[in-house]
Amino acid sequence: WSNLENNLVIYPNPSDGRRVGFHFIAPSGSKATLQIVDIRGEIVIEDGNTFTGGEEHEFVISMGDEASGIYIARVVVSYQGETVETAKKFAIVK
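Basis of the calculations
- Residues numbered from 1 in each chain as written.
- Predicted model: local features only at pLDDT ≥ 70, side-chain atom pairs only at ≥ 80, totals over all residues.
- Heavy atoms only, no water.
- Pairing = 2+ DSSP bridges.
- Helix = DSSP H or I, 4+ residues; strand = E, 2+ residues; numbered from the N terminus.
- Core = buried A, V, L, I, M, F, W, Y, C linked by side-chain atoms within 4.5 Å.
- Buried < 20%, exposed > 50% of the residue type's maximum accessible area, 1.4 Å probe, protein only.
- Contact = heavy atoms within 4.5 Å.
- Polar contact = N/O pair within 3.5 Å; in protein donor to acceptor, adjacent residues only side chain to side chain.
- Axes fitted to C-alpha atoms, helices over the stretch in contact; angles between N-to-C directions.

### With respect to the pairing of strand β7 (residues 82-92)
Right, on to step 1. As defined by bridge partners, strand β6 (residues 69-79) adjoins β7 across eleven bridges and the pair is classed as antiparallel. By the bridge assignment, A73 is partnered in β7 with K88.
Right, on to step 2. Once β6 ends, the chain turns through two residues before running back antiparallel as β7, passing Q80 with a positive phi of about 50°.

### Considering the nonpolar core
Right, on to step 1. In terms of nonpolar packing, the biggest core is built from 22 residues, with F22, F24, L34, I36, I61, M63 and F90 touching the most fellow members.
Right, on to step 2. Those elements that place two or more of their residues in this core are β2 (20-25), β3 (31-37), β5 (56-61), β6 and β7.
Right, on to step 3. In this view, M63 contacts G17, I36, I45, Y71, F90, I92 and K94; residues no more than four positions away in its chain are not counted.

### A few points about the pairing of β6
Right, on to step 1. The pairing of β3 with β6 spans seven bridges and is classified as antiparallel. For I36, the partnering residue across the bridge sits in β6 and is A73.

### Brief notes about the side chain of H57
Right, on to step 1. Considering the arrangement of structural elements, one finds H57 in strand β5.
Right, on to step 2. Polar side-chain contacts of H57 include one of 3.4 Å to the backbone oxygen of E55.
Right, on to step 3. With sequence-adjacent residues up to four places away left out, H57 is seen in contact with F22, H23, F24, A26, P27, S28, S30 and F51.

### Digging into the sheet that holds β5
Right, on to step 1. Overall, antiparallel pairing links the three strands, which are arranged β1-β2-β5 in an open sheet. If you trace the sheet from one side to the other, it starts and ends with β1 (9-11) and β5, each paired once. Averaged over neighbouring strand pairs, the angle between their axes works out to 20° when direction is ignored.
Right, on to step 2. As paired strands, β2 and β5 are joined by six bridges and run antiparallel to one another. Bridging across to β5, V20 finds its partner in I61.

### Quick word on the sheet that holds strand β4 (residues 43-50)
Right, on to step 1. Taken in spatial order, the four strands of this open sheet run β4-β3-β6-β7, and their pairing is antiparallel. Strands at the two margins of the open sheet, each flanked by one partner only, are β4 and β7. Between one strand axis and the next, the sheet turns by 15° as a mean value, whatever way the strands run.

Structure (structure tokens):
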């Protein structure tokens with residue numbers, strides 16, 4: 001899980017915004033936060049969860065109210081005092 005950058009998958013990419021998934025591997029019991037940032041650097045969506053049961057986790061969000069463009073997904077995972085984060089670009093095309 002410490003290699004979060006390589007195991008974060010955003011699908012579909014590009015997306016029409018109705019449903020965007022963010023799949024990653026992290027320990028059971030880890031706490032994760034997803035931030036979606038627009039090109040101006042403003043957070044447009046933020047979601048958090050404590051994941052239990054297995055190591056494969058995902059956030060699924062709707063971006064139907066957001067404009068077409070490039071966004072950055074920032075995922076921060078904390079587990080037993082260690083924090084790992086990564087960011088990846090994705091596109092919304094309507």
